[in-house]
Amino acid sequence: MIPVKKIYILINHFQTQDGVARTAVGLANELAKRGHQVTLQSLFKFEPGMKSWLLPQVEAKPFCGFYFRGFSKVLKLLPDRVLYRMLVKERYDVEIGFCMEMPEKIIAASTNTDCRHYGWIHGYDKGLKLLDTYRKMDKIVAVSKCNEERFREETGGTIPVCCCHNLVDDNKVRTMGAEAIPVERGPEMTFVVVGRLEPGKGVLRLIECCGKLKQEGEKLSLWVIGDGEERSRLENRTKELGLTENVRFFGAQSNPYAYMSRADVLVCASFAEGYSTVCVEANMLGIPVLSTCVDGAKEIVDDAGAGMVVGMDDDSLCDGLRKVLREPELVAEWKKTVETTRQVFSYRNRASELDQLDF
C-alpha cells in the first residue's frame, strides 16, 4: 500500500484561462486519486469557480487573490524565505514549485529539510538564470521531452531531470466541448486562438495576418477566446484593418472548449511556450493545430500526426494560414488523423509518467 503523503503545490494564478493552472488541477487530482493529501495554492489571481474542477479532497486556497501589473515585482522585494514562511504553514512530505519563476524560487527556499522538493519547467529558462534555484531541488520536471533533453545537456547532467507531460482530463475536455454556445459560425474556414491576451501570445500579429489574407481575397474567420491587457489594442487594430466581420472577441470563457470544438484549426501564434496546454486540448477535441515553432510544438504535432509548425516570423505564420485556407482538404485529413491519435495525449496514458517521482 502506498503511504499517504502531504503534498503542497504552488502556482502563480488559479484561473480558467491560464494553461498552467489547468494542468496543476490535473496533477492535484491525480495525486488525490492516489490517496495523498493535496494543497494547491496560488500566489496571485484566484478564480473560486475553478475549484469545481478539483476533486473534493483537494484543498485550493489563495495567497493574495489578486494581481495588477508590476505586483510580482513588489512581492519580489520580500526575501524568498520570508515568502515561504508566509505561505507554507504546515509540514509537507513533498513541495512543488509548479511554474517559473517565483513558485520555484519560493520552494527552493524551503526550511523543511525532511521533504522532497520539485521544480516544474513549463517554459524554458534560457541562459539558466535560475540555476542556483534548480540546484536546491531534488528533481526538475520538464513538461516536454525537448526541454528535458535541453536541460540535461546544458547542465551537464548534474541536476536530476525527467519529463512528465501535463495532465489534462481528456474526458472533461470532450464533455465540455460538446456543450452549446450562443453563437453560430459561418461556412468560411474558422480559426480559434485561446489564452491570455498579452504580447507574448502573438495575437496582434495573427490579426495582422488575417488582414493581409483578406486583402488577398481569402475568406476566413478568427475567434479570439480570452482577456487581458492587450484586448483594447487588438480590438482597435481589428477595426482599423476592416476585420470586424472576420475577427470576433468572446472574452474569457469558463468553457473555452465549446468554442474550440466548433473551429477548424486552433492557432498558436506565441513567441514562447513550454508545452502548450491549449494545443493539447485542441487535439483532444479533434481540432488540428497550426503553431509557431515554440518549445513543444513539434512534439505535439508529431505525436498527433497532424497539424503544422511554422517559423517564428510573421511571414511564416501568414504562409501557414494561407496554405490551410487554400487546401481545406488538408484540414479534413488532419481531423481524421487526430481522431485516431488523440489518445496519445490522454490523462490515462500520461499519468503513469508521475511514477518517476517520489509520490
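Worth saying up front: this structure is predicted, and the values here are computed from it rather than measured. (Residues numbered from 1 in each chain as written. Predicted model: local features only at pLDDT ≥ 70, side-chain atom pairs only at ≥ 80, totals over all residues. Heavy atoms only, no water.)

**Examining the side chain of Asp170**
With respect to the helices, strands and loops of the structure, Asp170 is situated in helix H7 (residues 170–177). Residue class for Asp170 comes out buried when judged on its relative accessible area of 6%. In this structure, Asp170 is in contact with Met284, Gln343, Ser346 and Tyr347, ignoring residues within four places of it in sequence. (Helix = DSSP H or I, 4+ residues; strand = E, 2+ residues; numbered from the N terminus. Buried < 20%, exposed > 50% of the residue type's maximum accessible area, 1.4 Å probe, protein only. Contact = heavy atoms within 4.5 Å.)

**Some points on the pairing of strand S10 (residues 247–251)**
Of all five residues making up S10, four are buried, and the element is well covered by its neighbours. Here strand S9 (residues 220–225) runs beside S10; their pairing, made up of four bridges, is parallel. By the bridge assignment, Ile225 is partnered in S10 with Gly251. Once the chain exits S9 it traverses helix H9 (residues 231–240) before rejoining the sheet at S10, and the crossover so formed is right-handed. (Pairing = 2+ DSSP bridges. Right-handed = clockwise from strand over helix to strand, strands pointing away.)

**What to know about the packing of helix H1 (residues 19–33) against helix H11 (residues 277–284)**
For the pair H1 and H11, interaxial distance at closest approach is 9 Å and the crossing angle is 65°. Classified by the angle their axes make, H1 and H11 are roughly perpendicular. Residue-level inspection shows Gly19, Arg22 and Thr23 of H1 in contact with H11, the latter providing Thr277, Val278 and Glu281. Class assignment of the residues belonging to the contact of H1 with H11 gives a composition of one nonpolar, three polar and two charged. (Axes fitted to C-alpha atoms, helices over the stretch in contact; angles between N-to-C directions. Parallel < 35°, antiparallel > 145°, perpendicular 65-115°, else oblique. Nonpolar A, V, L, I, M, F, W, Y, C, P; charged D, E, K, R; others polar.)

**Regarding the environment of Leu75**
Considering the arrangement of structural elements, one finds Leu75 in helix H2 (residues 71–75). In this structure, the C-alpha to C-alpha distance between Leu75 and Leu43, residues 32 residues apart in sequence, is 9.7 Å.

**Digging into helix H13 (residues 314–326)**
Along its 13 residues, H13 runs 18 Å from first to last C-alpha, staying within 8% of the 18 Å computed at 1.5 Å per residue. Looking only at H13, the buried set comprises Ser316, Leu317, Cys318, Gly320, Leu321, Arg322, Val324 and Leu325. (Expected span 1.5 Å × (residues − 1).)

**A short note on the packing of aromatic side chains**
On inspection of all chains with the given rule, the structure shows 15 aromatic pairs. Between Phe44 and Phe71, the ring centres sit 5.5 Å apart and the planes meet at 65°, which makes this aromatic pair edge-to-face. Of the two residues, Phe44 is situated in the loop between strand S2 (37–42) and strand S3 (59–62) and Phe71 in helix H2; the sequence distance between them amounts to 27 residues. Per residue, the accessibility class of Phe44 equals that of Phe71, and both read buried. Aromatic pair Phe66 and Phe71: ring centres 5.0 Å apart, planes at 15°, arrangement stacked. (Phe/Tyr/Trp six-rings, centres within 6.5 Å; stacked < 30°, edge-to-face > 60°.)

**Here we look at the sheet that holds S2**
Strand order in this open sheet of seven strands is S3-S2-S1-S4-S5-S6-S7, and the pairing throughout is parallel. In this open sheet, the two edge strands, each paired with only one partner strand, are S3 and strand S7 (161–163). Shown here is a sheet whose adjacent strand axes are inclined to one another by a mean of 20°, direction ignored. As paired strands, strand S4 (residues 94–97) and strand S5 (residues 116–121) are joined by four bridges and run parallel to one another. Among the inter-strand pairings, Ile96 is bridged to a residue of S5, identified as Tyr118. On the sheet, H1 packs against strand S1 (6–11), S2, S4 and S5 and is oriented at approximately 180° with respect to S1. Docked against the sheet, helix H6 (residues 145–154) engages S5, strand S6 (139–142) and S7, running at close to 170° with respect to S7.

**Some points on H1**
Spanning 15 residues, H1 covers 21 Å between terminal C-alpha atoms, matching the ideal 21 Å at 1.5 Å per step. Along H1, 13 of the 15 residues are buried, which leaves the element largely enclosed by surrounding structure.

**Some thoughts on the environment of Gln41**
Checked against the element boundaries, Gln41 lands in strand S2. It is 7.7 Å that separates the C-alpha atoms of Gln41 and Tyr8, two residues lying 33 residues apart in sequence. Sequence-distant contacts of Gln41, that is, excluding residues within four places in its chain, are made with Tyr8, Ile9, Leu10, Ile11, Lys61, Pro62, Phe63 and Leu87. Looking at Gln41, its side chain comes within polar contact range of the side chain of Tyr8, at 2.7 Å. (Polar contact = N/O pair within 3.5 Å; in protein donor to acceptor, adjacent residues only side chain to side chain.)

**Description of the sheet that holds S10**
Across the sheet, which stays open at both edges, the six strands sit in the order S10-S9-S8-S11-S12-S13 with parallel pairing between neighbours. Where the open sheet ends on each side, the last strands, each with one partner, are S10 and strand S13 (308–310). With strand direction ignored, the average angle separating the axes of adjacent strands in the sheet is 20°. Pairing analysis gives three bridges linking strand S12 (residues 289–292) to S13, with the strands arranged parallel. Each bridged residue has a counterpart across the sheet, and for Leu290 the counterpart in S13 is Met308. Strands in contact with H11 are strand S8 (189–194), strand S11 (265–268) and S12; relative to S11, the strand with the most contacts, it is inclined by about 170°. Packed onto the sheet, H13 meets S8, S9, S11, S12 and S13 and runs at close to 150° relative to S13.

**Things to note about the packing of H13 against helix H14 (residues 328–341)**
Running from N to C, H13 and H14 cross one another at 90°; their axes reach a closest spacing of 4 Å. As the angle between them shows, H13 and H14 are arranged roughly perpendicular. When H13 is examined against H14, the residues Lys323, Val324, Leu325 and Arg326 are found in contact with a partner set consisting of Pro328, Leu330, Val331 and Trp334. Residues that form the contact of H13 with H14 fall into these classes: six nonpolar, no polar and two charged.

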